[in-house]
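In case you want the letters, here they are:
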Amino acid sequence: MDIVDTFFNVGVLVRYFPLLLEGLWRTIALGALSIVLGLIGGLVLAMLRLYGGRVLRFLVVAYIDIFRALPVLVWLVIVYYALPFVGIRLSAFASATTALTMISSAYTAEIYRAGIQAIPRGQFEAAQSIGLSQWDLMRDVVLPQAFRIVIPPLTNNSINVMKDTALASVVALPDLLKQATQAQALAANPTPLIGAAILYLLLLLPLVRLVAVFEARYAAKGAR
């Protein structure tokens, strides 16, 4: 058996391609939902860390530090397998979304914080001097500028979240990797895994290029 029949068997790929597509859509749904919830949660955590009370800031910092240090796979297994012992039962999809969102929120919180703190203090003082409230200051002055600064790292973090969806296969979620693994076992041929790798590349390469575009645009603006 030559390498083409082993790793690039067209017949096997065609036979199991619908199975791979089914997993791909589930991967996209899981990744998109986790990214959106992580962006929202990260912004809330960043605001609480910067402007909350002392106790609240301590709790937020502890959350961010713990979940940035905790491997995604470990937390995913805890959410899916350990929480039922305390009466909390989540589906495989809900468990994966919860785990990815909680860890993504910790990373995005630090990205947001860095972007907000990059805004010159003079702009805060100028906005306050003309009577803007704290809410108006953040909404109209600080956050629009901070968002432009953090777009490249946020996009990069979104790519990492999408890649981490492959870990959901350990909780029996039929995502792209899980479907490819099952197809590989049924066909006794690794071609479905190669097909999954190609689909991951088609999904993530545009995002990788998007990060490069954002970084180049931001660098060009900074040079002017």
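Here is what the cut-offs are and how they apply
- Residue positions are counted from 1 within each chain, in the order its sequence is given.
- The model is predicted, so local features are restricted to residues of pLDDT at least 70 and side-chain atom pairs to those at 80 or more, both for listing and for counting; the totals for chains, interfaces and linings are taken over all residues.
- Just so you know, side-chain values use all the structure's heavy atoms and leave hydrogens and water out.
- UniProt positions are given in the numbering used here, feature names are shortened, and annotations may be inferred rather than shown by experiment.
- Segments assigned H or I by DSSP are reported as helices when at least four residues long, segments assigned E as strands when at least two residues long, and all are numbered from the N terminus.
- What is meant by a nonpolar core is a set of buried Ala, Val, Leu, Ile, Met, Phe, Trp, Tyr and Cys residues, joined one to another through side-chain atoms within 4.5 Å.
- Three labels apply to residues, based on accessible area from a 1.4 Å probe with only protein chains included: buried if under 20% of the type maximum, exposed if over 50%, partly exposed otherwise in between.
- Should any heavy atoms of two residues lie within 4.5 Å, those residues are considered in contact.
- The span you would expect from a helix comes to 1.5 Å times its residue count less one.
- Two axes enter the definition of the bend at a residue: one is fitted to the seven residues ending there, the other to the seven starting there, and the bend is the angle between them.
- Two N or O atoms form a polar contact when they lie within 3.5 Å of each other; inside protein one atom must be a possible hydrogen donor and the other a possible acceptor, and for residues adjacent in sequence the pair counts only when both atoms belong to side chains.
- Axis lines are fitted to C-alpha atoms, over the contacting stretch for helices. Their N-to-C directions set the angle, which ranges from 0 to 180 degrees.
- By the definition used in this description, the sense in which the near helix is turned from the far one sets the handedness, with an anticlockwise turn below a right angle giving left-handed and a clockwise turn giving right-handed.
- Here the term charged refers only to Asp, Glu, Lys and Arg, the term nonpolar to Ala, Val, Leu, Ile, Met, Phe, Trp, Tyr, Cys and Pro, and the term polar to all other amino acids, Gly among them.
- In this analysis, rings of Phe, Tyr and Trp, with Trp reduced to its six-membered ring, are considered paired at centre separations within 6.5 Å, and the interplanar angle assigns stacked below 30 degrees, edge-to-face beyond 60, and tilted for intermediate values.
- Relative orientations are named as follows: roughly parallel for angles under 35 degrees, roughly antiparallel for angles over 145 degrees, roughly perpendicular for angles from 65 to 115 degrees, and oblique for any other angle.

Under the annotation held in an unreviewed UniProt entry, the protein carries the name Amino acid ABC transporter permease and is attributed to Fulvimarina uroteuthidis.

(A) Seen up close, the UniProt feature "transmembrane region" (unreviewed entry) in the protein. Cross-referencing UniProt, the feature "transmembrane region" (unreviewed entry) maps to residues 24–48, 60–83 and 193–214 in the present numbering. The span residues 24–48 shows a helical share of 100% and a strand share of 0%, and its end C-alpha atoms are spaced 36 Å apart.

(B) A look at the nonpolar core. If you look at the biggest cluster of nonpolar residues, it comprises 19 residues, and the most contacted ones within it are Leu30, Trp75, Ala96 and Leu173. Elements with a contribution of two residues or more to this core: helix H2 (10–51), helix H3 (54–69), helix H4 (72–82) and helix H5 (92–117). It is H5 that provides the largest number of residues to this core, a total of 7 residues. Not counting residues up to four positions away in its chain, the partners in contact with Trp75 are Phe67, Leu70, Ala99, Met102 and Ile103.

(C) Structural view of the UniProt feature "domain: ABC transmembrane type-1" (unreviewed entry) in the protein. UniProt records the feature "domain: ABC transmembrane type-1" (unreviewed entry) for residues 24–212 in the present numbering. This span, residues 24–212, is 82% helix and 0% strand, and a straight line between its end C-alpha atoms measures 25 Å.

(D) A look at the environment of Asp175. Within the secondary structure, Asp175 is located in the loop between helix H7 (134–164) and helix H8 (176–187). Spatially, the C-alpha atoms of Asp175 and Leu20 are 8.4 Å apart, while their sequence positions differ by 155 residues. Excluding residues that lie within four positions of it along the chain, Asp175 makes contacts with Gly23, Arg26, Thr27, Thr165, Ala166, Ser169 and Tyr200.

(E) Quick peek at H2. For H2, spanning 42 residues, the distance from its first C-alpha to its last is 57 Å, which sits close to the expected 62 Å at 1.5 Å a residue. In the structure, H2 departs most strongly from a straight axis at Tyr16, where the bend amounts to approximately 50° and where the proline Pro18 lies between one and four residues downstream. Two to three positions downstream of the cap, the backbone nitrogen of Gly11 sits 3.1 Å from a side-chain oxygen, assigning the N-cap of H2 to Asn9.

(F) Structural detail: the packing of helix H6 (residues 121–129) against H7. Two elements in contact, H6 and H7, have axes separated by 10 Å at closest approach and are oriented at 145°. For the element pair H6 and H7, the recorded crossing hand is right-handed. From H6, Gln123, Phe124, Ala127 and Gln128 reach across to H7, where they touch Gln134, Leu137, Val141, Val142 and Gln145. Its residues placed into classes, the contact of H6 with H7 shows 5 nonpolar, 4 polar and no charged.

(G) Highlighting the packing of aromatic side chains. With the rule as written, the count across this model stands at 4 aromatic pairs. Geometrically, the ring pair formed by Tyr63 and Phe67 is tilted, given 4.5 Å between the ring centres and 35° between the ring planes. Pair noted here: Tyr63 and Phe67 are both in helix H3, with a separation of 4 residues, about one helical turn. Here Phe67 and Trp75 contribute two aromatic rings whose centre-to-centre distance is 5.2 Å and whose plane-to-plane angle is 80°, an arrangement assigned as edge-to-face.

(H) Expanded view of the packing of H2 against H5. Contact geometry for H2 and H5: axes closest at 5 Å, N-to-C directions at 45°. Regarding the angle of H2 to H5, the classification is oblique. Like other packed secondary-structure pairs, H2 and H5 cross with a definite hand, here right-handed. Per-class residue counts for the contact of H2 with H5 are 18 nonpolar, 10 polar and 4 charged.

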